[in-house]
Amino acid sequence: MILKVITSNLGKVKEYRDSLGSFGIRIEHMKIPYDEIQSSKLEDVVKESMEHLKASGLTDFIIDDSGMFVDALGGFPGVYSAYVQKTVGNAGILKLMENVDARNANFQCCIGCNIKGKDIIVTGRCEGTILRKETGTEGFGYDPIFSHDGKRSFAELPLQEKNEVSHRGIAVKLLINEMKKIA
């Protein structure tokens, strides 16, 4: 089976290939521009984006919307994570958190998958903390400042280990369980 991953983020493509490959799913990367609605919920963004892509004739695809939600910042950057990463980056988040002791955060990933004419939407969540400085060289985005275990950033984890514990990894497991129901 081949699923098209619609994203401009090559890090996501790599994670999908690694986590879905062992289930016999081949990933084809496609960059297709589409409008994302502004919403406070990842699920709303994914649902609307899926409808747009299906209306253009696309089938058998995966999209996702992910965000890092920092408790001390009222859930910011949340659904605006990609924009915030591009504009202020990890340094900006660390600056906002400079004098903050309560550093709880979570990563969320909402995956939308159209397969065999059916839609599946699942959301994975990983609890963690914001580190005080960037560490590690793997991954992408907020990986160098987010830790699921309080010891290592996502950017310090080998890809397979990250896929076991990350928001996207958890969402992929949920997706596979749903896919088995329609296989």
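To be clear, the structure that these remarks concern was listed above.
Residues numbered from 1 in each chain as written. Predicted model: local features only at pLDDT ≥ 70, side-chain atom pairs only at ≥ 80, totals over all residues. Heavy atoms only, no water.

**Student:** Any chance you could break down the nonpolar core for me, citing the residues and the numbers?
**Tutor:** In this structure, Leu3, Tyr16, Leu20, Ile27, Ile62, Ile111 and Leu175 are the most contacted members of the largest nonpolar core, which totals 19 residues. Of all the secondary structure elements, the ones that give two or more residues to this core are strand 1 (2-6), helix 1 (10-21), strand 5 (104-115), strand 6 (118-130) and helix 6 (167-182). Counting residues per element, this core draws most heavily on helix 6, which supplies five residues. Beyond its immediate sequence surroundings of up to four residues, Leu3 is in contact with Ile25, Arg26, Ile27, Glu28, Asp60, Phe61, Ile62, Cys113, Asn114, Ile115 and Met179. Counting 16 residues, the second largest nonpolar core, distinct from the first, contains Met68, Leu94, Met97 and Leu157. (Core = buried A, V, L, I, M, F, W, Y, C linked by side-chain atoms within 4.5 Å. Buried < 20%, exposed > 50% of the residue type's maximum accessible area, 1.4 Å probe, protein only. Helix = DSSP H or I, 4+ residues; strand = E, 2+ residues; numbered from the N terminus. Contact = heavy atoms within 4.5 Å.)

**Student:** With reference to specific residues and values, describe helix 2 (residues 42-55).
**Tutor:** Note that an α-helix has 3.6 residues per turn; residues three or four places apart therefore point the same way. End to end, helix 2 covers 20 Å across 14 residues, agreeing with the expected 20 Å (1.5 Å per residue, within 8%). Listing the buried residues of helix 2 in full gives Leu42, Val45, Val46, Ser49, Met50 and Leu53. Angular distribution of buried residues about the axis of helix 2 spans 130°; they occupy a single face of the element. Its buried side turned inward, helix 2 meets strand 1, strand 3 (61-70), strand 5 and strand 6. Directly after helix 2, the chain includes Gly57, whose backbone phi takes a positive value near 100°. (Expected span 1.5 Å × (residues − 1). Arc of directions from axis to C-beta.)

**Student:** Give me the lowdown on helix 6, citing residues and values where you can.
**Tutor:** With 16 residues, helix 6 extends 23 Å from end C-alpha to end C-alpha; this agrees with the ideal 22 Å at 1.5 Å per step. Considered for burial, the residues of helix 6 that qualify are His167, Arg168, Gly169, Ala171, Val172, Leu175, Ile176 and Met179. For helix 6, the secondary structure elements touched by its buried residues are strand 1, helix 1, strand 3, strand 5, strand 6 and helix 5 (159-165).

**Student:** Tell me about the packing of helix 1 against helix 6, and name the residues and values.
**Tutor:** Between two packed helices, both the angle of their axes relative to each other and the distance between the axes serve to describe the pair. The N-to-C vectors of helix 1 and helix 6 enclose an angle of 45°; their axes lie 11 Å apart at closest approach. As far as their axial angle goes, helix 6 and helix 1 are oblique. Judged by the twist between their axes, the crossing of helix 1 over helix 6 is right-handed. Side by side, helix 1 and helix 6 meet where Lys12, Glu15, Tyr16, Ser19 and Leu20 of the first sit next to Arg168, Val172 and Ile176 of the second. Residues belonging to the contact of helix 1 with helix 6 are distributed by class as follows: four nonpolar, one polar and three charged. (Axes fitted to C-alpha atoms, helices over the stretch in contact; angles between N-to-C directions. Parallel < 35°, antiparallel > 145°, perpendicular 65-115°, else oblique. Left-handed = near helix turned anticlockwise from the far one by under 90°. Nonpolar A, V, L, I, M, F, W, Y, C, P; charged D, E, K, R; others polar.)

**Student:** Now, about the pairing of strand 1: what can you tell me, with residues and values included?
**Tutor:** In terms of burial, strand 1 is a largely internal element, four of the five residues being buried. Note that strand 1 and strand 2 (residues 26-30) share five bridges and pair parallel. Bridging across to strand 2, Lys4 finds its partner in Glu28. Note on the crossover from strand 1 through helix 1 to strand 2: the handedness is right-handed. Where strand 1 meets strand 3, two bridges bridge the pair, whose relative direction is parallel. (Pairing = 2+ DSSP bridges. Right-handed = clockwise from strand over helix to strand, strands pointing away.)

Remember, this is a structural readout, not a statement about activity or role.
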